[in-house]
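Spelled out from the first residue to the last, the chains are:
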Amino acid sequence: MAFFSDGFTKSKLMVLYFLKELSVNLTKEQIATFSAAYELIPYFELQSAIYELEEEGFLAAVPRPYGQAYCLTPKGEETLDMFVERLPQSVRDDLTNYADACRDKLRRETQFSASSEKAGLGGAYRTTLRAMEQNGELLQISILLPDAKSAKHASSGWPERAQAIYTAILSELLKEE
């Protein structure tokens with residue numbers, strides 16, 4: 001007869017398992033959004049689990065250009081490997097399926113960011129678009145746009161268009177004369 005963890009221990013194992021399956025470092029907000037979307041762990045219980053996992057050395061908070069990102073430590077991976085069987089197979093399957101379903105979206109959220117602020121020049125907005133790699137910024141574009149609508153449009157399209165824009169810029173910059 002299998003012994004399954006429940007309550008708070010199960011929540012902590014679920015966080016570790018999901019982060020391992022996802023292979024993307026996420027912010028606390030991204031973890032909370034995911035957990036709420038799939039109704040996995042109540043918000044305050046999740047926050048407590050993340051806090052304890054970090055305090056106990058199972059997760060590390062790593063500064064990234066998009067915020068504090070959480071990743072498994074070697075201690076966290078080792079512990080998960082020892083206790084993964086305490087999560088029911090159905091829960092592991094669900095977490096794996098959720099990770100597969102949202103991996104690309106979450107990776108884009110961590111790789112591409114956009115922000116806008118009023119520039120004080122009439123109705124103009126300064127929009128900053130960023131493309132990031134694991135250890136830093138790959139590209140930053142700061143552009144003055146005529147209005148809030150243009151800024152919002154540029155920001156919302158950035159994640160899908162960033163790769164093509166980066167490639168076009170690089171191609172132009174490295175073009176042989």
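Provided above is the structure to which this section pertains.
Reference entry: report on the structure contained in this document. (Residues numbered from 1 in each chain as written. Predicted model: local features only at pLDDT ≥ 70, side-chain atom pairs only at ≥ 80, totals over all residues. Heavy atoms only, no water.)

Turning our eyes to something else, we now look at the packing of aromatic side chains. Within the structure shown, the criterion is met by 6 aromatic pairs. Judged by centre distance (3.9 Å) and plane angle (25°), the rings of Tyr38 and Tyr98 are stacked. Taken together, the positions of Tyr38 in the loop between helix 2 (28-37) and helix 3 (43-55) and Tyr98 in helix 5 (residues 89-111) put the pair 60 residues apart, joining distant regions of the chain. Relative to Phe44, the ring of Tyr43 lies with its centre 5.2 Å away and its plane at 80°, an arrangement referred to as edge-to-face. (Phe/Tyr/Trp six-rings, centres within 6.5 Å; stacked < 30°, edge-to-face > 60°. Helix = DSSP H or I, 4+ residues; strand = E, 2+ residues; numbered from the N terminus.)

A complete count under the given rule lists 1 cavity of 30 Å³ or more for this structure. The space that makes up the largest cavity amounts to roughly 60 Å³. Lining the largest cavity we find Met14, Val15, Phe18, Ile31, Phe34, Ser35, Leu40, Ile41, Leu46 and Leu95. The residue inventory of the lining of the largest cavity, partitioned by class, reads 9 nonpolar, 1 polar and no charged. (1 Å grid on protein atoms, 1.4 Å probe; cavity = no way out; pocket = protein on both sides within 12 Å on 5 of 7 lines; lining within 4 Å. Points joined across faces, edges and corners; volume = space filled by probe spheres on them. Nonpolar A, V, L, I, M, F, W, Y, C, P; charged D, E, K, R; others polar.)

Where helix 1 (residues 7-22) meets helix 4 (residues 74-83), the axes come as close as 10 Å, and the angle between the chain directions of the two elements is 110°. The angle between helix 1 and helix 4 falls in the class roughly perpendicular. In terms of crossing hand, the pair formed by helix 1 and helix 4 is left-handed. Touching Leu13, Leu16, Tyr17 and Lys20 of helix 1 are Gly76, Leu80, Asp81 and Phe83, all from helix 4. The residue makeup of the contact of helix 1 with helix 4, split by class, is 5 nonpolar, 1 polar and 2 charged. (Axes fitted to C-alpha atoms, helices over the stretch in contact; angles between N-to-C directions. Parallel < 35°, antiparallel > 145°, perpendicular 65-115°, else oblique. Left-handed = near helix turned anticlockwise from the far one by under 90°. Contact = heavy atoms within 4.5 Å.)

Consecutive side chains of a regular strand alternate in pointing toward one face of the sheet and then the other. Pairing geometry for strand 3 (residues 112-118) and strand 4 (residues 125-133), over 7 bridges, is antiparallel. Paired with Ser116 across the strands is Thr127, a residue of strand 4. In the sheet, strand 4 pairs with strand 5 (residues 136-145) via 9 bridges, with the strands oriented antiparallel. Opposite Thr127, over in strand 5, you have Ile143 as the bridge partner. (Pairing = 2+ DSSP bridges.)

It is worth spelling out the packing of helix 1 against helix 3 at this point. Close contact between helix 1 and helix 3 brings their axes to 9 Å; oriented N to C, the two are set at 70°. Of the possible angle classes, the one that applies to helix 1 and helix 3 is roughly perpendicular. In contact with Gly7, Phe8, Ser11, Lys12, Val15 and Leu16 of helix 1, helix 3 contributes Glu45, Leu46, Ser48, Ala49, Glu52 and Leu53. Class assignment for the residues of the contact of helix 1 with helix 3 results in 6 nonpolar, 3 polar and 3 charged.

The next point concerns the pattern of salt bridges. One pass over the structure, following the stated rule, counts 7 salt bridges. A salt bridge links Glu172 to Lys175, with the shortest nitrogen-to-oxygen separation between them at 2.9 Å. Exposure remark for Lys175: the relative accessible area of 46% places this residue in the partly exposed category. The network of salt bridges with common partners includes Lys12, Glu52 and Glu56. (Salt bridge = Lys/Arg side-chain N within 4 Å of Asp/Glu carboxyl O. Buried < 20%, exposed > 50% of the residue type's maximum accessible area, 1.4 Å probe, protein only.)

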